Each structure stands twice: as structure tokens, then as C-alpha cells.
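Below are the chains, spelled out letter by letter.
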Amino acid sequence: MPSLCETCENVRYICTARSRFLLCKLSFTNAAYPKYPPQPVVRCNGHRPRTDADEAEPDDRCEVG
């Protein structure tokens, strides 16, 4: 099942050699949003769809961390 996080402008992909995590940037300023929400997220008040300029394949958006 797809997750809303995959299409949200508030996500940051954190990738390791074995895993990919979806970090919610809203968690930096609002404790109501978990830093790493359990996936898949099917409902979220903070979801903001990415614009076409923000679109990228998940592998292209990974940061090693």
C-alpha cells in the first residue's frame, strides 16, 4: 500500500546501505508529528503534495545518514 509520505513535500529520505527511512520534517517544529512515522501513512493533516519541481525518484532523494 502506498504511503502519503511518498508524495509529501515534508518528507526527507534517509538511506543506509540496508534501509530507507522517511523522516517527517514537520516533526522539527511540531511534536504532534512523529520523526519517523510508521508506514504506510494513509491519513495526515500535515500532508502537502509535492510540486512537479520537487518530484524525484526516491533513490534520487536519499541522504546517507
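This text gives an overview of the structure that appears in the document.

1. A look at the pattern of salt bridges
It is possible for side chains bearing opposite charge to pair when their charged atoms get close.
So, point 1. This model, assessed by the stated rule, comprises one salt bridge.
So, point 2. A salt bridge links Glu6 to Arg20; the nearest nitrogen and oxygen atoms lie 2.8 Å apart. Here the residue Glu6 occupies a position in the segment before β1 (11-15), and Arg20 occupies one in strand β2 (residues 20-24), the gap between them amounting to 14 residues.
So, point 3. A residue is classified by how much of its surface remains accessible, and Arg20, at 36% relative accessible area, is partly exposed.

2. Things to note about unusual backbone geometry
So, point 1. Between Gln39 and the following residue, Pro40, the backbone shows a cis peptide bond with an omega angle of 0°.
So, point 2. Tracing the chain through its elements places Pro40 in the loop between β2 and β3 (62-64).

3. Some details on the side chain of His47
So, point 1. Topologically, His47 is positioned in the loop between β2 and β3.
So, point 2. Using a relative accessible area of 17% as the deciding quantity, one classes His47 as buried.
So, point 3. Beyond its immediate sequence surroundings of up to four residues, His47 is in contact with Leu4, Thr7 and Cys8.

The rules behind each value
- Residues numbered from 1 in each chain as written.
- Predicted model: local features only at pLDDT ≥ 70, side-chain atom pairs only at ≥ 80, totals over all residues.
- Heavy atoms only, no water.
- Salt bridge = Lys/Arg side-chain N within 4 Å of Asp/Glu carboxyl O.
- Helix = DSSP H or I, 4+ residues; strand = E, 2+ residues; numbered from the N terminus.
- Buried < 20%, exposed > 50% of the residue type's maximum accessible area, 1.4 Å probe, protein only.
- Contact = heavy atoms within 4.5 Å.

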